[in-house]
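Fold and contact review
The lines below spell out each chain.
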Amino acid sequence: MLTICTFFVSGNTTTLAATPVFVQLSDELTPISVTGDIEQMKPNYFSYNKNQSFYKTQLSINGVKYEKEIGSHSNSSIKYNLNGQYTKFTVDVGIDDQVAPGHGSVNFVIIADGKILNISPVKKSNEPAEHVEVNIAGKNTLELVAFDANDNIDNDHANWADSILFIQ
C-alpha cells in the first residue's frame, strides 16, 4: 500500500513521492537464520519455503488461498533483522490444506528481541487461520517459531500467511 500526498499551493498542485505504509515480509526481508527438525529427518524438505507451502504448493488455510509468505514445518524457527524500522507485524497462521482434516498440531509463536509477543492456541488442519497483530515498534529482531504442540511433528505444515510489516 502506498500513501500519496497532494497539496494545493496558490493554484499549483504538488505531489510528494509515494511512501509505503506497509510491506510484505517475504518481499522485504530475508531470514538471518532458519533452523528446523525436518531437515535433520528428511534432507529434501525445508523449514522455510518462500511464497509456497511445505509441499511447494500455493499456501492455503481452510480453503483460503494466499499468494505470499512462508510455508514451514514444526519444529522450526525463522529469524529476521528488523533494525527498529517497523511498528506492527500482522500475520494469518494455520495448518496448510495439504494436511488431512484434524491432523497436524502447531502452536505459532512470535518473538521479538527475545521476548514472546504471542502464542497461538493449538492449530489443526481444516481450521480457519488465526489473524495475529503484535507491536514491534523499536524491535531489532523478529522470530517466527512453529512448535509441535507437544505431540510430534507429523503433518505439522505451518503457514505464516499474508505477513505484513508496518513501517514507522
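The following refers to the structure shown. Just so you know, these numbers come straight off a predicted model, no measurement behind them. (Residues numbered from 1 in each chain as written. Predicted model: local features only at pLDDT ≥ 70, side-chain atom pairs only at ≥ 80, totals over all residues. Heavy atoms only, no water.)

**Regarding the packing of aromatic side chains**
Summed over all chains, the structure comprises three aromatic pairs. Ring geometry for phenylalanine 22 versus phenylalanine 166: centroids 5.6 Å apart, planes at 50 degrees, classification tilted. Taken as a pair, phenylalanine 22 in strand β5 (residues 22–24) and phenylalanine 166 in strand β17 (residues 157–167) lie far apart in primary sequence, 144 residues in all. We classify phenylalanine 22 as partly exposed; its relative accessible area is 24%. (Phe/Tyr/Trp six-rings, centres within 6.5 Å; stacked < 30°, edge-to-face > 60°. Helix = DSSP H or I, 4+ residues; strand = E, 2+ residues; numbered from the N terminus. Buried < 20%, exposed > 50% of the residue type's maximum accessible area, 1.4 Å probe, protein only.)

**Observations regarding the pairing of strand β14 (residues 115–119)**
Here strand β13 (residues 107–112) runs beside β14; their pairing, made up of four bridges, is antiparallel. In the strand pairing of β14, valine 109 is matched with isoleucine 119. Count of turn residues in the β13/β14 antiparallel hairpin: two residues, of which aspartate 113 carries a positive phi of about 50 degrees. (Pairing = 2+ DSSP bridges.)

**Quick notes on unusual backbone geometry**
With an omega of -20 degrees, the peptide bond running from serine 74 to asparagine 75 counts as cis. Position of asparagine 75 relative to the elements: it lies in the loop between β10 (69–73) and β11 (76–81). The phi dihedral of asparagine 62 is positive, around 50 degrees, even though this residue is not glycine. Within the element layout of this structure, asparagine 62 appears in the loop between β8 (59–61) and β9 (64–66). In the Ramachandran plot, glutamate 69 falls in the positive-phi region, its phi being about 110 degrees despite a non-glycine side chain. Locating glutamate 69 in the fold gives a position in strand β10. Classification of glutamate 69 as buried rests on a relative accessible area of 0%.

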